[in-house]
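# Chain and residue survey
In case you want the letters, here they are:
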Amino acid sequence: MTHASAGYAEVIGDPIVQSKSPAIHGYWLDQLGLDGSYRATHVTAEGLPGYIAARRADPEWRGCNVTMPHKQAVIGLIDRLDPLASRVGAVNTIVPEHGALVGYNTDVPGFLEPLQPWLDQPHLFRMARVLGTGGAARAIITALAGVGTVIVLAGRDLAKARALLDELDPGGSHHVTDLAHFASVTDFAFDDRQGCFDLVVNATSLGMVGQPPLAFDMTHAPPGSVFYDIVTSPLDTALLQAARGHGFRTVDGLAMLIGQADHAFRRFFGAKPPRGDADAALRERLEQ
């Protein structure tokens, strides 16, 4: 890949102070010795059109990551969507390309990256219990449907959950249930899970600093399940701690964040970020 000339990229959202993206991209820029920069910029809903207009005119701007609550609102302000972003109906990366602003969704490959060791194995059946029907769920549903997973989508509004599944994977045989369903004990006897892959995903902000905890009773998790919590603050959520306490394997939100940043970084700076062994040093920096 050719290295882009000096310029800057950024992450936009409201709020934005909590974003770990500047630390991730900054670490990679340092490691590669590139003279670009990456920052966080607070952009409100009212300020979004003005922000996009201003950046269009800035030759130094390499693009931006888009976080809550703008992932759908930016769609009407840019020129075209990558097919995957179009399918998800949400954009988390905008890049200027040949005079046009193009929207991408790197959350899908970012979400799947830490699951790859399991997904590389053949399974008779894959099932995911996905908790939450907000913006993050769109990328997660699209990602899981794309790797042959039957989804049980849990939300407070069943009609919204069903509409989301019908929109994102109309041919799939998925199910919906109330979020409260998973809060109480079940005596359901899971069948033999040999050859099956079971996943539990927290796609809500529950368990995040300042939010109530996610109520999930471990009796709802089949033996051998993998728990994946996309919350990044705190990184080791109460859900992940409880899952480990019951012998389940876990994936934290930083894995997805680093995975999606990898795809964005390549587009912003025209270079492949250092991964592998470098991930441990990056995690150490982010967990301080």
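I will try to describe carefully the structure that is included in this document.

### Let's talk about helix α7 (residues 158-168)
Regarding α7, the residues found buried are Ala 161, Leu 164, Leu 165 and Leu 168. Looking straight down α7, one finds its buried side chains confined to an arc of 95°; they lie on one side. On its buried side, α7 packs onto α3 (83-88), α6 (135-146), β8 (150-155) and β9 (175-178). At the N-terminal boundary of α7, the capping side chain belongs to Asp 157, with an oxygen 3.1 Å from the backbone nitrogen of Ala 159.

### So, unusual backbone geometry
With an omega of 5°, the peptide bond running from Met 68 to Pro 69 counts as cis. Here the amide bond leading from Ser 233 into Pro 234 is cis, since omega sits at 5°, within 30 degrees of zero. Mapped onto the fold, Pro 234 is located in the loop between β11 (226-229) and α8 (238-245). Positioned with a positive phi, His 98 is a non-glycine residue whose angle comes to about 50°. Along the polypeptide, His 98 turns up in the loop between β5 (93-97) and β6 (100-104).

### Quick word on the layout of surface pockets
The computed volume of the largest pocket comes to approximately 1100 Å³. Thr 67, Met 68, Ala 136, Met 208 and Ile 230 are the residues nearest the centre of the largest pocket, which is lined by 38 residues in total. Where the lining of the largest pocket is concerned, the elements lending two or more residues are β3 (61-66), α6, β8 and α9 (253-269). In terms of residues, the lining of the largest pocket owes the most to one element, α9, which gives 4 residues. For the lining of the largest pocket, the per-class residue count stands at 16 nonpolar, 17 polar and 5 charged.

### Description of the packing of helix α1 (residues 21-32) against helix α10 (residues 278-286)
Two elements in contact, α1 and α10, have axes separated by 10 Å at closest approach and are oriented at 135°. As far as their axial angle goes, α10 and α1 are oblique. The handedness of the crossing between α1 and α10 comes out as right-handed. Each of Ala 23, Ile 24, Tyr 27, Trp 28 and Asp 30 in α1 lies in contact with α10, whose residues at this interface are Ala 278, Ala 281, Leu 282, Arg 285 and Leu 286. Classifying every residue of the contact of α1 with α10 by side-chain character gives 8 nonpolar, no polar and 2 charged.

### So, the pattern of salt bridges
Per the counting criterion, the structure on display carries 16 salt bridges. The salt bridge involving Lys 71 is made with Asp 107; its shortest N-O contact spans 2.7 Å. On the criterion of sequence distance, the pair formed by Lys 71 in the loop between β3 and β4 (80-81) and Asp 107 in helix α4 (residues 107-112) is long-range, its members being 36 residues apart. Each member of the pair Lys 71 and Asp 107 is classed as buried. Arg 283 is paired through a salt bridge with Glu 287; the nearest N and O atoms lie 3.3 Å apart. In this structure Arg 283 comes out as partly exposed when scored by relative accessible area, which is 23%. Several salt bridges converge on common partners, so that one network encompasses Glu 113, Asp 262, Arg 266, Arg 275 and Asp 279.

### Quick word on the packing of α9 against α10
Between α9 and α10, the shortest axis-to-axis distance is 12 Å and the interhelical angle comes to 120°. The element α9 and its partner α10 pack so that their crossing is right-handed. Where α9 approaches α10, its residues Leu 254, Ala 255 and Ile 258 are matched on the opposing element by Asp 279, Leu 282, Arg 283 and Leu 286.

Criteria and thresholds
- Residues numbered from 1 in each chain as written.
- Predicted model: local features only at pLDDT ≥ 70, side-chain atom pairs only at ≥ 80, totals over all residues.
- Heavy atoms only, no water.
- Buried < 20%, exposed > 50% of the residue type's maximum accessible area, 1.4 Å probe, protein only.
- Helix = DSSP H or I, 4+ residues; strand = E, 2+ residues; numbered from the N terminus.
- Arc of directions from axis to C-beta.
- Contact = heavy atoms within 4.5 Å.
- Polar contact = N/O pair within 3.5 Å; in protein donor to acceptor, adjacent residues only side chain to side chain.
- 1 Å grid on protein atoms, 1.4 Å probe; cavity = no way out; pocket = protein on both sides within 12 Å on 5 of 7 lines; lining within 4 Å.
- Points joined across faces, edges and corners; volume = space filled by probe spheres on them.
- Nonpolar A, V, L, I, M, F, W, Y, C, P; charged D, E, K, R; others polar.
- Axes fitted to C-alpha atoms, helices over the stretch in contact; angles between N-to-C directions.
- Parallel < 35°, antiparallel > 145°, perpendicular 65-115°, else oblique.
- Left-handed = near helix turned anticlockwise from the far one by under 90°.
- Salt bridge = Lys/Arg side-chain N within 4 Å of Asp/Glu carboxyl O.

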